[in-house]
Amino acid sequence: MTAFSTAAAGDAGGFPTRGVPTWIADDACLLPAADRAARLAAFDDLFAAAVRSVERLEPTRLRLGLSPDPAVAARAADLSLREADCCGFFTFQLTAGTGRLELDIAVPEHRAGVLDGIAAQAEAARTSS
């Protein structure tokens, strides 16, 4: 897949059974295919537990408002570092302030579709929890 697609339970790509959008850019991701379902699930778990808002700032920038909790910040930072390591086109910025925690995600213009998938997954997790 070039940017993102929707994967159903048990598909040939080994995606999670939750039916969440998948946004892995196969042509740019260094994460082994066998590990991708676990990575998507880790994002889904973070989104379900901590996302308070989803805001598309620009076509290439997404802001997730997270629960302002040190454990959430640590989880978001760890996951962001791991994702940037395997998909080098991402830029993540975690900002903490009084009563707020925000995760900004930026991509180059040709990867804007990846943010569509992340935004959809975050919004679905936020509204279902």
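Everything quoted here is computed from the prediction, not taken from an experiment.

1. Side note on the confidence of the model for the protein
Predicted coordinates in regions of low pLDDT should not be interpreted in detail.
So, step 1. When the pLDDT values of the protein are averaged, the result is 80; 78% of them are 70 or greater.
So, step 2. Model confidence for the protein, summarised as mean pLDDT per element, is weakest for strand β1 (residues 5-6) at 32 and strongest for strand β4 (residues 61-66) at 98.
So, step 3. Here residues 1-21 scores under 50 on pLDDT; set against residues more than four positions off or in separate chains, the count is 46 contacts.

2. Concerning the sheet that holds β4
So, step 1. A sheet is described by the order of its strands in space; here four strands give the open sequence β3-β4-β6-β5, paired in antiparallel fashion. The open sheet has two edge strands with one neighbour each: β3 (51-58) and β5 (91-97). Taking the axes of each pair of neighbouring strands and ignoring which way they run, one obtains an average angle of 20° across the sheet.
So, step 2. Two strands pair when backbone bridges link them, and β4 and strand β6 (residues 100-106) are joined in this way by six bridges, in the antiparallel orientation. By the bridge assignment, R63 is partnered in β6 with D104.

3. Describing the pattern of salt bridges
So, step 1. Going through the model one piece at a time under the given rule, you end up with nine salt bridges.
So, step 2. The shortest N-O distance in the salt bridge between R56 and D116 comes to 3.0 Å. Here D116 lies in helix α3 (residues 112-128) and R56 lies in strand β3, a separation of 60 residues in the sequence.
So, step 3. Residue D104 pairs with R63 through a salt bridge whose shortest N-O separation is 2.7 Å. One end of the pair, D104, is in strand β6; the other, R63, is in strand β4, with 41 residues separating them in the sequence.
So, step 4. Judged by relative accessible area, which is 10%, D104 ranks as buried.
So, step 5. A cluster of three or more residues bridged by salt bridges with shared partners is formed by E58, R61, R63, R100, E102 and D104.

4. Describing the side chain of R39
So, step 1. Within the fold, R39 resides in helix α1 (residues 33-50).
So, step 2. Relative accessible area serves as the criterion here: at 11%, R39 is assigned to the buried category.
So, step 3. Not counting residues up to four positions away in its chain, the partners in contact with R39 are L31, L79, R82, E83 and C86.

Calculation notes
- Residues numbered from 1 in each chain as written.
- Predicted model: local features only at pLDDT ≥ 70, side-chain atom pairs only at ≥ 80, totals over all residues.
- Heavy atoms only, no water.
- pLDDT = per-residue confidence, 0-100.
- Helix = DSSP H or I, 4+ residues; strand = E, 2+ residues; numbered from the N terminus.
- Contact = heavy atoms within 4.5 Å.
- Pairing = 2+ DSSP bridges.
- Axes fitted to C-alpha atoms, helices over the stretch in contact; angles between N-to-C directions.
- Salt bridge = Lys/Arg side-chain N within 4 Å of Asp/Glu carboxyl O.
- Buried < 20%, exposed > 50% of the residue type's maximum accessible area, 1.4 Å probe, protein only.

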